Amino acid sequence: MTDRTAEKEEVRAGAAIDWTPILLTVAVALAAIPLVGSFSTWVTLTVAALAMGMMIFIMASGLTLVFGLMDVINFGHGVFISVGAYMGLLVLWPLAGWVDSSSVFLNVAVLLLCIAFAMAATGLFGLAFERVIVRPVYGQHLKQILVTMGGLIVVEQLLYAFFGGNPITIALPQSFRGGLAFGPDIVVERYRLIAVAVGVVVFLGMLLVLNRTRIGLLVRAGVENAEMVEALGYNIRRLFIGVFVAGSALAGLGGVMWGFYQQTLTVGMGLQVLVLIFIVVIIGGLGSIGGCLIGSLLVALIANYTAFIEPKIALVSNIGLMLAVLLWRPQGLYPVTKS
Amino acid sequence: MPEPLLSLDGVHTHIGRYHILQGVDLAVPRGGFTVLLGRNGAGKTTTLRTIMGMWKASKGSIRFAGNDVTARPTPQIASAGIAYVPENMSIFAGLTVRENLVLAARSGEIDPKRLEWIFSLFPALQRFFGLAAGALSGGQKQMLSIARALIEPRELILVDEPTKGLAPAIVSNMIRAFREVKNAGATVLLVEQNFMAARMLGDTVAVMDDGRIVHQGLMAELAADHALQHRLLGLHLDKHQ
Ligand SMILES: Nc1ncnc2c1ncn2[C@@H]1O[C@H](COP(=O)(O)OP(=O)(O)O)[C@@H](O)[C@H]1O
Ligand SMILES: [Mg+2]
C-alpha cells in the first residue's frame, strides 16, 4: 500500500506544468517598468514587443519542429520569410484599391488574400526546397548548413532578379493604420494588436493540432524519438515533409505580417530575423512549441526594453539572454525529452 | 517441418566500421517463446535491431511470414506484423500513457477488450492512464513499453531484456504477464539474461556469442543439461540461480 502512494506522488510531480519560464517572462516585463520610467511608454514598448514576439513565434515555430523531428538545420528558412513577403506583394499590387478603401471588409479581405497566397506559395516552395536541397543531406549537419545557406543565397538572387534591389514600400490597409487610445496618454497601434491576434490564433491552432489530432500525436512522439515512431510502423519521412511544408507556410505568413509591420520589403529581411529566430529556437528548447512561444516573447521584450533604455547594449542583449538561459538550462527553457 | 515465422540466414551487420553480427542463423517457430541468451555484448540487441531494419544487414537474409524483409525500411517491417520492445523501452515521455497506446494502435482505435486485458496484466497502467509517461517508475515504463506491443495483435513480438534492472517483485509480475501472453498464443522472441525467467517462459532457446548463434534447441533440453548450461552460459547461470 505504501508502495502505491509513493508511485502516485511521483506521477503527480512529473505531470505538472513548468511555470518558471512563464513567470520569468512576466517578471522581466514588470521589472522594466521602473527602468523605462514612464508607464505609458512601457505599455507602448510592451505591446510592440508582444507583436514582434508573436511574429517571431510564427516564423520560428516551423523551424523548431523541423529540427526536433529530423535534426535538420535549415538556414534556408530565412529566405522563406522574404519569399512570403514578396508573394504577398503580388496580391497587394493589383488590389491597391482595396488597401486604400475605407471599407473594413475590403481591408481585411486584402490582408487575408495576401496571407493565403503567400502561405500557399511558400508551402509549395518548401516542398521543392525539401526535395532538392534538404533531402540529399539528411543526417549530415555540416552539409546541411552549407547546402541550405547556398539555397538561401540562390533564392535571394532570384528575388533580386524579379523584384530589383531597392526596398519596396508598402502601405497598411486603411483601417489598420493609426492607434487606439486607452485613457489620456496610452496609445496602442492597431496593427500591433492584429499581429498579436494572428500569433495567438496560430499558437492555439498549433496546440489544437498537436494535442488533439493523430498527426499531432505523431509529431510530438517523433520529436522525442523518431526511430521508435518508425518501429511502431509509421513513415516518419512523410510526416517530416508535411511538417516542413507547414513550417514553410508559417514562415510565409510571418513574412507577410513582418512586411506590413515594417512597411518596407527588402530581400534581406528574412535573413535579418533569422538570427533572432535561431536564438528563439535554441533558448526555447529544440522541438518545443511552448518553449518557442516563451522564447519569442522573452527575446522581443528584452530587445524592445534595451533599445529604449540603453540602445548601446540592445545589439548584444539577445546573445546575452541566450547565454544566460543556456547557463541556467542547457537544453533550453522547455527541454524535450529524447528517449 | 513448417517454415519458421522468422528466420535469419547468415546475417552480418556492421555498425560504422565495426563488424558486429558475423553470420547469424536463427529460426523462430510460429507460436510460443523463443529465448535468446548470451553474455553482455554478444550482439542480441543488434540482432533485434537488424530484424527491425534499424540497422541494415550487410549480408545474409531475413525472412518473415514467407517474405524477404531484409532490405525493407523499418515502418514496413513493423507494418508486416512485428512489434518491438526495445532495451531502453523508448516510451514517449511527454505523451500520456493513453497517448502512447493510441499511437501504438495503428488502426487509430484502442480495442476496449484488449485494453481491459492489458490493464489486468499491468494494473498500474490503468491507474496512471491519463498521466505523462515520463513520470512513471522504471518498472511501469517497461510495462507501458510491453503494453504498446500488445495493444493490437501482432504476429511476432520482439522483447529486449524486459526484466533488466527491475525489483524482484516486479520481475515476477512481468513473468506472470508474459505467461498470459503466451497462453494467448503469441509468438515472442525474448532476449533475457535472467536464466530463471528464461527457463520459465522459453519453449525454444538460442544462445549467442561474439555475433553468432552458438546453440539453438529446445529450452527443456538446455534446462536439463547442466553441463551444456555451464559451457554456454558460464558464470551467468550461477549468478541467477
Ligand atoms: N551504436 C553502436 N556503435 C558501435 N558499437 C556498438 C553499437 N551498438 C552496439 N555495439 C557493439 O556491438 C556489440 C554487441 O552489442 P549489443 O548487440 O548491444 O549486445 P547485447 O545486446 O548482446 O548486450 C558490443 O560489442 C557493442 O559494443
Ligand atoms: Mg542488449
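Residues numbered from 1 in each chain as written. Chains lettered and ligands numbered in written order. Predicted model: local features only at pLDDT ≥ 70, side-chain atom pairs only at ≥ 80, totals over all residues. Heavy atoms only, no water.

1. Comments concerning the overall build of chain A
Stated precisely, the cut-off is as follows: Numbering goes from the N terminus for both helices and strands, where a helix is a DSSP run of H or I of at least four residues and a strand is a run of E of at least two. Put simply, the radius of gyration uses C-alpha atoms, and a globule should come to 2.2 Å times the residue count raised to 0.38. Partly exposed describes any residue whose relative accessible area lies between the buried limit of under 20% and the exposed limit of over 50%, with all areas from a 1.4 Å probe on protein chains only and scaled to the type maximum.
The helix and strand inventory of chain A stands at 14 helices and 4 strands. Computed over C-alpha atoms, the radius of gyration of chain A comes to 21 Å, within 12% of the 20 Å expected from 2.2 N^0.38 for 339 residues, which places it in the range of a compact globule. For chain A, the spread of C-alpha atoms along the three principal axes comes to 70 × 50 × 40 Å. The 339 residues of chain A split such that 53% are buried.

2. Considering the packing of helix α9 (residues 214–224) of chain A against helix α3 (residues 97–104) of chain B
Definition in use: Here an angle of 0 to 180 degrees is reported between the N-to-C directions of two axes, which are lines fitted to C-alpha atoms, with helices fitted over the stretch in contact. Should an angle fall under 35 degrees it is called roughly parallel, over 145 degrees roughly antiparallel, and 65 to 115 degrees roughly perpendicular, with every other angle called oblique. Any two residues whose heavy atoms approach within 4.5 Å at even a single point are treated as in contact. Three classes are used: nonpolar for Ala, Val, Leu, Ile, Met, Phe, Trp, Tyr, Cys and Pro, charged for Asp, Glu, Lys and Arg, and polar for all others, with Gly counted as polar.
Interaxial distance between α9 of chain A and α3 of chain B falls to 11 Å at its minimum, and their mutual angle equals 105 degrees. Between α9 of chain A and α3 of chain B, the angle falls in the class roughly perpendicular. Residues Arg214, Leu217, Leu218, Arg220 and Ala221 of chain A of α9 of chain A form the contact with α3 of chain B, whose own contacting residues are Glu99, Val102 and Leu103 of chain B. For the contact of α9 of chain A with α3 of chain B, the residue count by class is 5 nonpolar, no polar and 3 charged.

3. Structural notes on the packing of aromatic side chains
Quick reminder of the rule: In this analysis, rings of Phe, Tyr and Trp, with Trp reduced to its six-membered ring, are considered paired at centre separations within 6.5 Å, and the interplanar angle assigns stacked below 30 degrees, edge-to-face beyond 60, and tilted for intermediate values. Think of it as a cone above the ring: NZ of Lys or CZ of Arg counts as a charge over the ring if it is within 6 Å of the ring centre and within 35 degrees of the ring normal.
One pass over the full model with this rule turns up 16 aromatic pairs over all chains. Between Phe80 of chain A and Phe244 of chain A, the ring centres sit 6.2 Å apart and the planes meet at 75 degrees, which makes this aromatic pair edge-to-face. Taken together, the positions of Phe80 of chain A in helix α4 (residues 77–92) and Phe244 of chain A in helix α11 (residues 236–262) put the pair 164 residues apart, joining distant regions of the chain. The exposure class assigned to Phe244 of chain A is buried, which follows from its relative accessible area of 1%. Consider the rings of Phe119 of chain B and Phe129 of chain B, whose centres lie 5.3 Å apart with planes at 90 degrees: the pair is edge-to-face. Taken as a pair, Phe119 of chain B in helix α4 (residues 112–121) and Phe129 of chain B in the loop between α5 (123–127) and α6 (138–150) lie far apart in primary sequence, 10 residues in all. Neither residue differs from the other here; Phe119 of chain B and Phe129 of chain B are each classed as buried. Pairwise contacts between aromatic rings join Phe80, Phe125, Phe129, Tyr138, Phe240 and Phe244 of chain A into one cluster. A cation over an aromatic ring shows up here: Arg329 of chain A above the ring of Trp328 of chain A, its NZ or CZ 4.3 Å from the ring centre. The residue whose ring lies beneath Arg49 of chain B is Trp55 of chain B, and the NZ or CZ to ring-centre distance is 4.6 Å.

4. A closer look at the environment of Asn40 of chain B
Residue and element names in this part refer to chain B. Going by this rule: Polar contact is the term for a pair of N or O atoms within 3.5 Å; when the atoms are in protein, one must be able to donate a hydrogen and the other to accept it, and sequence-neighboring residues count only if both atoms are side-chain atoms.
Mapping Asn40 onto the fold places it in the loop between β3 (32–37) and α1 (44–51). Residue classification places Asn40 among the exposed residues on the basis of a relative accessible area of 57%. With 15 residues separating them in the primary sequence, Asn40 and Trp55 have C-alpha atoms 19 Å apart. For Asn40, the side chain forms a polar contact with the side chain of Gln193, separated by 2.9 Å.

5. Brief notes about the coordination of the magnesium ion (ligand 2)
Residues and elements named next belong to chain B. Put simply, the rule is: A 2.8 Å cut-off from the metal defines N, O and S donors, relaxed to 3.2 Å for Na, K and Ca; water is not in the atom list, so some sites may appear incomplete.
Taken together, Thr45 (OG1), Glu87 (OE) and Glu87 (OE) make up the protein donors of the magnesium ion (ligand 2), found 2.0 to 2.7 Å from the metal. Of this pair, Thr45 sits in helix α1 while Glu87 is found in the loop between β6 (82–85) and α3, placing the two residues 42 residues apart along the sequence. Look at Thr45 and you get partly exposed, because its relative accessible area is 23%. Judged by relative accessible area, Glu87 falls into the partly exposed class, the value being 27%.

6. Looking at the packing of α3 of chain B against α6 of chain B
The angle between the axes and the distance between the axes are what describe a pair of packed helices. Residue and element names in this part refer to chain B. Applicable threshold: Handedness of a helix crossing follows the sense of rotation of the near helix relative to the far helix, less than a right angle counterclockwise being left-handed and clockwise being right-handed.
Two elements in contact, α3 and α6, have axes separated by 8 Å at closest approach and are oriented at 30 degrees. Judged on the interaxial angle alone, α6 and α3 are roughly parallel. Viewed along their axes, α3 and α6 form a crossing whose handedness is right-handed. Residue-level contacts link Val97, Asn100, Leu101 and Ala104 of α3 to Leu144, Ala147 and Arg148 of α6. Taken together, the residues of the contact of α3 with α6 break down into 5 nonpolar, 1 polar and 1 charged.

7. Thoughts on the site of ligand 1
Residue and element names in this part refer to chain B. Worth spelling out the cut-off: Here a residue is considered near a molecule or strand provided that any single heavy atom belonging to it is located within 4 Å of it. A 1.4 Å probe and the Shrake-Rupley method give the accessible areas. Residues count as covered only by the protein chains that appear here.
Within the structure, ligand 1 sits among Ile15, Tyr18, Ile20, Arg39, Asn40, Gly41, Ala42, Gly43, Lys44, Thr45, Thr46 and Trp55. Between ligand 1 and Lys44, the relevant distance is 2.8 Å, taken from an oxygen atom to a side-chain nitrogen or oxygen of the residue. One of the side-chain nitrogen or oxygen atoms of Thr46 is found 2.5 Å away from an oxygen atom of ligand 1. Protein chains bury 62% of the 560 Å² of accessible surface belonging to ligand 1 in isolation. Looking at the shell around ligand 1, the elements with two or more residues in it are β2 (18–28) and α1. Taken together, the residues that form the shell around ligand 1 break down as 5 nonpolar, 5 polar and 2 charged.

8. Comments concerning the confidence of the model for chain B
Interpreting fine coordinate detail is not advised for predicted regions of low pLDDT. Residue and element names in this part refer to chain B. The criterion, for reference: For every residue, the predictor states its confidence as a pLDDT score lying anywhere from 0 to 100.
Considering every residue of chain B, the mean pLDDT works out to 93; 97% of them sit at 70 or more. Long-range and interchain partners of residues 235–241, a stretch whose pLDDT sits below 50, account for 10 contacts in this model, where long-range means more than four residues apart. Interface confidence in the predicted complex, given as ipTM, is 0.93; pTM for the same model is 0.90.

9. What about helix α2 (residues 20–36) of chain A?
Residues and elements named next belong to chain A. Condition: Multiplying 1.5 Å by the residue count of a helix minus one yields the expected span of that helix. Taken from the helix axis, the directions to the C-beta atoms give the arc we talk about.
A rise of 1.5 Å per residue sets the reference length of α2, with its 17 residues, at 24 Å; its end C-alpha atoms lie 24 Å apart and thus fit the reference within 8%. Restricting attention to buried positions, one finds in α2 the residues Pro21, Thr25, Ala29, Ala32 and Val36. Projected down its long axis, α2 shows its buried positions confined to an angular sector of 95 degrees, all on one face. The outward face of α2, more than 90 degrees from its buried face, is lined by the exposed residues Leu23 and Pro34. Downstream of α2 by a residue or two, Gly37 has a phi angle that is positive, lying close to 95 degrees.

10. With respect to the sheet that holds strand β5 (residues 67–68) of chain B
What links the strands of a sheet is backbone hydrogen bonding, and the strands pair in either a parallel or an antiparallel sense. All names here are of chain B. Quick reminder of the rule: Note: two strands are recorded as paired if DSSP finds a minimum of 2 bridges between them.
Reading across the sheet, the 4 strands line up as β2-β1-β4-β5 and stay open at both edges, with antiparallel pairing between neighbours. What marks the edges here is a single partner per strand, and that holds for β2 and β5. Bridging between strand β1 (residues 6–15) and strand β4 (residues 57–64) involves 6 bridges; their strand directions are antiparallel. By the bridge assignment, Asp9 is partnered in β4 with Ser61.

11. Some thoughts on the interface of chain B and chain A
How large an interface is tends to be reported as the accessible area lost when its parts come together. Rules: Reported buried area values correspond to the accessible surface (1.4 Å probe) lost by two parts on association, with both partners' losses combined. Here, a salt bridge means any Lys or Arg side-chain nitrogen found within 4 Å of an Asp or Glu carboxyl oxygen.
Residue-level contacts link 30 residues of chain B with 26 residues of chain A. Summed over both partners, the interface of chain B with chain A comes to about 2,500 Å²; 63% of that surface belongs to carbon and sulfur atoms. Residue Arg220 of chain A is joined to Glu99 of chain B by a salt bridge in which the shortest nitrogen-to-oxygen separation is 2.9 Å. At the boundary of chain B and chain A, one finds 10 residue pairs in polar contact (both at pLDDT 80 or more). Taken together, the elements giving at least two residues each to the side of chain B that touches chain A come down to α2 (74–79), α3 and α6 of chain B.

12. Some thoughts on the side chain of Thr46 of chain B
Relative to the elements of secondary structure, Thr46 of chain B occurs in helix α1. If near-sequence neighbours (up to four positions away) are discounted, Thr46 of chain B is found in contact with Thr13, Ile15, Ile20, Leu21 and Trp55 of chain B.

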